[in-house]
Amino acid sequence: MKVINTEIEDVKIVEPVLFGDTRGYFFESWNREKYESADIGCNWVQDNESKSRFGVLRGLHYQAAPYTQAKLVRVIAGSVLDVAVDIRKGSPTFGRHVAVELSEENKRQLFVPRGFAHGFAVLSETVVFAYKCDNTYMPSHERGIAFDDPELGIDWRVSPGEWVLSDKDRNNPRFADAEYLEAEA
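Residues numbered from 1 in each chain as written. Predicted model: local features only at pLDDT ≥ 70, side-chain atom pairs only at ≥ 80, totals over all residues. Heavy atoms only, no water.

Colleague: Before we move on, could you go through the nonpolar core and cite the residues and values that matter?
Modeller: Formed by 20 residues in total, the largest nonpolar core has its most connected members in Leu-60, Val-85, Ile-87, Ile-145 and Trp-156. Elements that contribute at least two residues to this core include exactly strand 6 (57-63), strand 8 (79-86) and strand 12 (116-122). Excluding its chain neighbours within four sequence positions, the residues that come into contact with Ile-145 are Gly-59, Leu-60, Tyr-62, Ile-87, Ala-117, Leu-152, Asn-172, Pro-173, Arg-174, Phe-175 and Ala-178. Counting 18 residues, the second-largest nonpolar core is a separate cluster that includes Ile-8, Ile-13, Val-75 and Leu-102. (Core = buried A, V, L, I, M, F, W, Y, C linked by side-chain atoms within 4.5 Å. Buried < 20%, exposed > 50% of the residue type's maximum accessible area, 1.4 Å probe, protein only. Helix = DSSP H or I, 4+ residues; strand = E, 2+ residues; numbered from the N terminus. Contact = heavy atoms within 4.5 Å.)

Rendered as structure tokens:
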């Protein structure tokens, strides 16, 4: 696999090595030893999958301590613009984001460490989106940030008239009013 550093330290793009022939393809979507050697070592405890249609925008989501989560995200079918926003108080990249297209064609994964809000916008007709988490979902600690906050300056690559949002995501607080996380050592 190839690991690509992003503009924000610790957020990493992973490109797997595909083995293909006339039958199709094969690749390792996760290998503990290889990922740990690339500083993407987590004790994954939960796998999640969602299916969404074009224009669906999920996020920006995170969990408050002690239930913060790192995620390893990927697309099985379709494509998304995947976004990670640094919400670690005192971080030199606090308030900045990384946006990466993940698709069934490029097979890329994005490692989103603890201390980041995460979201994605569906760019294809439909998408099947899968991700690993290193902490369980805890509804009482779930938090969000307004995906369209001008302070964040995220270009979701979907026109506002085409957004499909949950009520929760439509009403998340602005970044300035969000509950930030402490940077982990």
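Colleague: Which residues make up the side chain of Gln-63, and what values go with them?
Modeller: Locating Gln-63 in the fold gives a position in strand 6. For Gln-63, a relative accessible area of 4% corresponds to the buried category. Engagement of the side chain of Gln-63 in a polar contact is seen with the backbone oxygen of Tyr-67, the distance being 2.7 Å. In terms of polar contacts, Gln-63 uses its side chain to reach the backbone amide nitrogen of Met-138, at 2.9 Å. Dropping the residues within four chain positions of it, Gln-63 is found in contact with Thr-68, Gln-69, Thr-136, Tyr-137, Met-138, His-141, Glu-142 and Leu-181. (Polar contact = N/O pair within 3.5 Å; in protein donor to acceptor, adjacent residues only side chain to side chain.)

Colleague: Can you break down the packing of aromatic side chains residue by residue, with the values?
Modeller: According to the stated counting rule, one finds 9 aromatic pairs in the structure shown. Geometrically, the ring pair formed by Phe-147 and Trp-156 is edge-to-face, given 6.5 Å between the ring centres and 70° between the ring planes. An aromatic cluster of three or more residues is present, and its members are Phe-94, Phe-175 and Tyr-180. (Phe/Tyr/Trp six-rings, centres within 6.5 Å; stacked < 30°, edge-to-face > 60°.)

Colleague: Outline unusual backbone geometry, listing residues and values.
Modeller: The omega torsion of the bond from Gly-59 to Leu-60 falls at 5°, within 30 degrees of zero and hence cis. As for its position among the elements, Leu-60 is in strand 6. Phi is positive for Lys-107, which is not a glycine, with a value near 55°.

Colleague: Can you explain the environment of Gly-115? Please cite residues and give values.
Modeller: With respect to the element layout, Gly-115 can be found in the loop between strand 11 (109-112) and strand 12. When the C-alpha positions of Gly-115 and Met-138 are compared, they lie 16 Å apart, and in sequence the two are 23 residues distant. Excluding anything up to four places from it in sequence, Gly-115 contacts Val-85, Asp-86, Ile-87, Arg-88 and Leu-181.

Colleague: Residues and numbers for the environment of Asp-148, please.
Modeller: Mapped onto the fold, Asp-148 is located in the loop between strand 14 (142-144) and helix 2 (167-170). Once the C-alpha coordinates of Asp-148 and Glu-125 are considered, the two residues, 23 residues apart in sequence, prove to be 22 Å apart. When residues no more than four places from it in sequence are discounted, the contact partners of Asp-148 are Trp-163 and Arg-174. A distance of 3.4 Å separates the side chain of Asp-148 from the side chain of Arg-174, its partner in a polar contact.

Colleague: An account of the pattern of salt bridges is needed here, citing residue identities and associated values.
Modeller: When their charged atoms lie close together, side chains carrying opposite charge are able to pair. In the structure shown here, the tally under the stated rule is 12 salt bridges. With a closest N to O distance of 3.1 Å, Glu-28 and Lys-34 form a salt bridge. For Lys-34, a relative accessible area of 42% gives the class partly exposed. For the salt bridge of Glu-179 with Arg-143, the shortest nitrogen-to-oxygen distance reads 2.7 Å. Placement of Glu-179 in the loop between helix 2 and strand 15 (181-182) and of Arg-143 in strand 14 is noted, with a sequence separation of 36 residues between them. Residue classification places Arg-143 among the partly exposed positions, given a relative accessible area of 25%. Taken together, the shared-partner salt bridges in this structure form one network comprising Asp-10, Asp-86 and Arg-88. (Salt bridge = Lys/Arg side-chain N within 4 Å of Asp/Glu carboxyl O.)

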